[in-house]
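Notes for the structure review
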Amino acid sequence: MKTRPGSDAKQKSNMKYDVVIVGAGHNGLVCGAYLAKAGMKVCVLERRPLVGGACATEEVWPGYRVSTAAHMLGLLQPRVILDLELQKFGYEVLQTPPVVQPIEGAGPIVLWKETDRLAKQFARFSAKDAAAYPRYVEHLAQVGPIFRQLMWEIPFDPSDLSPKNLVAMARFAWRNRGFVGRFHEVTDLLTMSAYDYLSRWFESDAVMAILGYYPAGGSGQSVGFRTEGTAYFLLRGQLRENNTAAGGTGLVRGGMGTVSEAIRQSGARFGMETRVNAEVARILVRNGVAEGVVLANGDQILADTVIANAAAKHALLDLVEPRELPFEYRKKLRGFDGQATAFKVHLAVKELPRLEGIEESGFGAGEPSQVTIAPSVAWLEQAYADLQAGVPSQRPYLTVQAPTVVDTTLAPKGHHILSIYGGHIPSGPGADHGEATKDAVTSRVIETIRRFAPSWSGEYLHRHVMLAADYEEQFGLPGGNPHHADLRLSQLFFRRPVPGFADHTTPVRNLFLCSASNHPGGGVTGVPGYNAAQVVLAKRGRR
């Protein structure tokens, strides 16, 4: 791997770059690769010993490679994959079997990817819902392109009435004129709860639990099924085109770190340099202009442009001297928030859980690579109600993933990895995220899985638990939030991360942001990195 340890670079401590990027998460690497491709001299700095940030694969135990944070490729944009030719550098998506979800009173339900097949499953619960499902899918497919296009927009400041910005707003309005005819539909998705939105279409508890699982729990936010604004997450399947040469979605061969490594290699051929073990202690600012960074070992790296892939809060509040930023900006950035309450439990096992009744479900031979545990609406709602009462969810929702079903290279022969995502655990200041809590989470997870797979012993060889505090400490995610801050209406588009500075700029000249703190948020899309690169190239006259 062609990376340079920060400690080995003292002889180059005064080297001047066109661009230095703080953080080698996937967005930082995407941004750097595009800038290097455009001919700029780029250096990407990473605090940890490997690139990828939260899009990483780590050997947690000898012989087992675990995607410790992001675990599924669902949103990485085809434009990024094809522009950077990631398939030349080891990027390969593996098709997965359909997800299976146990439903109370019905047993395991196979969530077929084909609309008509899934509609037939829904007919078991409601003929009305079976008939409504194809219309619902078509409805989202019609609204989806509006949001797909918005992902690539550089947010403007609607309060800026300068001629230049007025022209930018007019051009934005023209490009997105299709939004006008569907204004109310778009507004509903941004403001309504997933429960209320789905209730317009469906009557069955089972269908509601199946379609509402992701917005109610799987999105990485601390929300409930009835939380306003969660309807937006019903669009997840529409935010990426899956019929291009970039291929579809699924599990990545070698784990999610393979994605980041492919981006790094793509950038390296254009001269992008990456240094690991190179923690940035301070961003150098002189007379209101960013000039480079100082590493924790004292080295200085100078650059005409500094781009922070670290969370906006960390980059601006910890790495920049307070005197360099307006008081109002700092105050608003402190209010950019969202505490995560999800957890991940990784287990090394010899035996996979076998769902009771899966033989009769129609799933067929083999094992599912993913099981979703949320057997009813009440189950989802109680998990959130427990959190609101200040206690861990007694019946957590779970995404139980077994990546070794489709990628045997991740574990020793005959062994498997269970990567289990779920919620909720009280988190934030004062929360206990110590070993006793992790033991309790593990026990509750195993107990919950065995409720639907009673033949499974629950025995494991190794265990690795990640709570919100761990994600904050290890990956620099504020509040453990994969989006750096919640994707709620007050923190979207031209309000993300701070009103007036949603266009990847900051109050410091030549200091930019390119992380999930920016529009459109997290989720391994590559879009914040791409958009930031376009902003920098435009300001440098290279676009």
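All of the points below concern the structure found in this document.

Rules of the game
Residues numbered from 1 in each chain as written. Predicted model: local features only at pLDDT ≥ 70, side-chain atom pairs only at ≥ 80, totals over all residues. Heavy atoms only, no water. Core = buried A, V, L, I, M, F, W, Y, C linked by side-chain atoms within 4.5 Å. Buried < 20%, exposed > 50% of the residue type's maximum accessible area, 1.4 Å probe, protein only. Helix = DSSP H or I, 4+ residues; strand = E, 2+ residues; numbered from the N terminus. Contact = heavy atoms within 4.5 Å. Axes fitted to C-alpha atoms, helices over the stretch in contact; angles between N-to-C directions. Parallel < 35°, antiparallel > 145°, perpendicular 65-115°, else oblique. Left-handed = near helix turned anticlockwise from the far one by under 90°. Nonpolar A, V, L, I, M, F, W, Y, C, P; charged D, E, K, R; others polar. Expected span 1.5 Å × (residues − 1). Salt bridge = Lys/Arg side-chain N within 4 Å of Asp/Glu carboxyl O. Polar contact = N/O pair within 3.5 Å; in protein donor to acceptor, adjacent residues only side chain to side chain. Patch = residues over 30% accessible without salt bridge, like charges linked within 9 Å, V, L, I, M, F, W, Y side chains within 5 Å. Areas by Shrake-Rupley, 256 points an atom, 1.4 Å probe, with all protein chains shown as cover. Lys, Arg positive; Asp, Glu negative; His and termini not counted. Charge placed at Lys NZ, Arg CZ, Asp CG, Glu CD. Disulfide = S-S within 2.5 Å. Phe/Tyr/Trp six-rings, centres within 6.5 Å; stacked < 30°, edge-to-face > 60°.

1. Considerations on the nonpolar core
The biggest cluster of nonpolar side chains holds 99 residues, and the ones touching the most others in it are Leu35, Tyr136 and Phe202. Take this core: its biggest share by element is ten residues, from helix 4 (residues 127-151). Here Phe202 is in contact with Asp129, Ala132, Tyr133, Tyr136, Val207, Met208 and Leu211, once residues within four sequence places are set aside. Counting residues in hydrophobic clusters, the runner-up holds 32 residues, among them Val22, Ala290, Val306 and Leu513.

2. A look at the packing of helix 1 (residues 26-37) against helix 10 (residues 257-268)
Running from N to C, helix 1 and helix 10 point in directions that differ by 20°, and their axes come no closer than 8 Å. As summarised for this structure, helix 1 and helix 10 are arranged roughly parallel, according to the angle between their axes. Between helix 1 and helix 10 lies a crossing whose hand is left-handed. Listed contacts from helix 10 to His26, Leu29, Val30, Ala33 and Ala36 of helix 1 are Ser260, Ile263, Arg264 and Gly267. Grouping the amino acids of the contact of helix 1 with helix 10 by side-chain chemistry returns five nonpolar, three polar and one charged.

3. A closer look at helix 5 (residues 163-175)
Here helix 5 contains 13 residues, and its C-alpha end-to-end distance of 18 Å stays within 8% of the 18 Å for a straight helix at 1.5 Å per residue. Looking at the packing, one finds that the buried side of helix 5 touches helix 4.

4. Some words on the pattern of salt bridges
Counted according to the given criterion, the structure contains 24 salt bridges. Salt-bridge contacts for Glu321 lead to Arg323; the nearest nitrogen and oxygen are separated by 3.9 Å. Among the residues examined, Glu321 registers a relative accessible area of 31% and is labelled partly exposed. The closest approach of N and O atoms between Glu359 and Arg354, which form a salt bridge, is 3.3 Å. Taking relative accessible area as the criterion, Glu359 reaches 52% and is therefore assigned exposed. One network of salt bridges, with partners in common, ties together Glu85, Lys88 and Arg269.

5. Let's talk about the side chain of Thr96
For Thr96, the position within the fold is in the loop between strand 5 (93-94) and strand 6 (99-103). When sequence neighbours within four positions are dropped, the list of residues in contact with Thr96 reads Met72, Lys113, Gly250, Leu251, Ser369 and Val406.

6. What about the side chain of Glu153?
For Glu153, the position within the fold is in the loop between helix 4 and helix 5. Its relative accessible area of 6% is what places Glu153 among the buried residues. A distance of 2.9 Å separates polar atoms of two side chains, one belonging to Glu153 and the other to Asn176.

7. Quick look at a positive patch on the surface
A cluster of basic residues, Lys164, Arg509, Lys539 and Arg540, forms a positive patch on the protein surface. Examined against the element boundaries, Lys164 turns out to sit in helix 5. You can call Lys164 exposed: its relative accessible area is 72%.

8. Regarding the state of the cysteines
Taken as a whole and judged by the stated rule, the model has zero disulfides. This cysteine, Cys514, is not joined by any disulfide, and Cys31 carries the nearest cysteine sulfur, 4.5 Å off.

9. Some remarks on the packing of aromatic side chains
The final tally for this structure, using the stated rule, is 22 aromatic pairs. Between Tyr34 and Tyr530 the ring centres are 5.0 Å apart and the planes differ by 90°, which places this aromatic pair in the edge-to-face class. In this pair, Tyr34 sits in helix 1 while Tyr530 sits in helix 16 (residues 527-539), placing the two residues 496 residues apart along the sequence. By the burial criterion, Tyr34 is buried, and Tyr530 matches it. By the ring-pair criterion, three or more aromatic residues cluster together here, those being Phe122, Tyr133, Tyr136, Trp201 and Phe202.

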